[in-house]
Amino acid sequence: MMNRIFSALILACSAVAGLSGTAMAAQPEPWQLGLQESATPVMTDLVFMHDWVLMPIITIITIFVLALLVWVMFQYHSGRNKTPAKFTHNLSVEIAWTLIPVAILVLISAFSFPLLYKQDRIPEADMTIKAIASSWFWSYEYPDHGDISLTALLLPEEEARSENKPWLLATDENVVVPVGAVVRVQVTSTDVIHSWTVPAFGIKMDAIPGRLNETWFKAEREGMFYGQCSELCGKDHAYMPIAVEVVSQEKFDEWVNTQTASIESPVQETDLALRAE
Ligand SMILES: [Cu+2]
């Protein structure tokens, strides 16, 4: 009950203050109450579901239950209602409080099931990224782009502050993806359960050792998108952030070239050394 009132208050406050989604990069803001601004079609639907399906229903139910309580307290107060009723059953009320909640749940499911399937069914992907969790950092592989691999470690506090990046969210290497591409993300872990989460993308996927979980996103605008491991995984759980940089296709191609060049050059050197022997 208090939760519902609190949520309704939060919605009202965030609507009035326009606090949600004013950030430049997609990251939490001080005093933020709403969700992060959406950057993918799935997140747009999630925000709609939250703002226009769930919150109105929660608000109406909360106000209705509160009104019932106030009415009962006022009308059936012992001073006003000397001889209380003794009945224990009322068939029509019982039918109503069974059928009305069922109808509300069916209404919610009409919106939530299509969204669940939209999240779950991966459209034809333009590229695949593999996100591998280890205690306590993420590493990434790009199987479609010459097996680029990178390890994203927490950017130390001093470095983050000097580069004006958000400490605890920024990493030394970003996951780089092109804008508008359907990216399939395969998530797994080398040790314990972690969770790959980017709030602005509407993604939260568990990384489970010995199992490959799949999800997808299609970033609709360029920028930095931050997230954090979201499954309690040990002492440095708070220190394994996720930083996704969405860039234009040209910039992405450039990035791929520099990454693959840095993969190839050491191999070529060893090749030359072997040939020289
Ligand atoms: Cu964790």
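Residues numbered from 1 in each chain as written. Predicted model: local features only at pLDDT ≥ 70, side-chain atom pairs only at ≥ 80, totals over all residues. Heavy atoms only, no water.

### Notes on the sheet that holds strand β2 (residues 137-142)
1) Next: With respect to topology, five strands assemble into an open sheet ordered β3-β2-β1-β5-β8, the strand pairing being mixed. In this open sheet, the two strands that pair with only one neighbour each are β3 (148-152) and β8 (213-218). Between one strand and the next, the sheet's axes are offset by a mean angle of 25°, whatever the strand orientation.
2) Next: Across five bridges, the pairing between strand β1 (residues 127-134) and β2 is antiparallel. Within the sheet, the bridge partner assigned to alanine 131 lies in β2 and is tyrosine 140. (Pairing = 2+ DSSP bridges. Helix = DSSP H or I, 4+ residues; strand = E, 2+ residues; numbered from the N terminus. Axes fitted to C-alpha atoms, helices over the stretch in contact; angles between N-to-C directions.)

### Description of the confidence of the model for the chain
1) Next: Mean pLDDT over the chain stands at 89; residues scoring 70 or higher make up 86%.
2) Next: In this model residues 13-23 is a low-confidence stretch, pLDDT under 50, and it forms eleven contacts with partners more than four residues away in sequence or in other chains. (pLDDT = per-residue confidence, 0-100. Contact = heavy atoms within 4.5 Å.)

### Some thoughts on unusual backbone geometry
1) Next: Each neighbour pair has its own omega, and for serine 135 with tryptophan 136 the value is 0°, a cis peptide bond.
2) Next: With respect to the helices, strands and loops of the structure, tryptophan 136 is situated in the loop between β1 and β2.
3) Next: Even without glycine at this site, tryptophan 31 takes up a positive phi of about 70°.
4) Next: Considering the arrangement of structural elements, one finds tryptophan 31 in the loop between α1 (2-17) and α2 (41-75).
5) Next: With a phi close to 60°, asparagine 164 is a non-glycine residue in the positive phi region.
6) Next: Secondary-structure assignment places asparagine 164 in the loop between α4 (157-162) and β4 (175-178).

### Some words on the sheet that holds β4
1) Next: Taken together, three strands build an open sheet; the order of strands is β4-β10-β9 and the sheet is mixed. A single partner strand is all that each edge strand has here, and the edge strands are β4 and β9 (223-228). Ignoring which end each strand starts from, the neighbouring axes of this sheet average 25° apart.
2) Next: Bridge count between β4 and strand β10 (residues 241-247): four bridges; the pairing is parallel. Residue pairing across strands places proline 178 opposite valine 247, the latter belonging to β10.

### Some thoughts on the coordination of the copper ion
1) Next: Donor atoms from the polypeptide that bind the copper ion are Cys229 (SG), Glu231 (O), Cys233 (SG) and His237 (ND1), placed at 1.9 to 2.6 Å.
2) Next: Each donor residue of the copper ion belongs to the same chain, with the gaps between them written as C-x1-E-x1-C-x3-H.
3) Next: Look at glutamate 231 and you get partly exposed, because its relative accessible area is 29%. (Donors = N, O, S within 2.8 Å, 3.2 Å for Na, K, Ca; no water. Buried < 20%, exposed > 50% of the residue type's maximum accessible area, 1.4 Å probe, protein only.)

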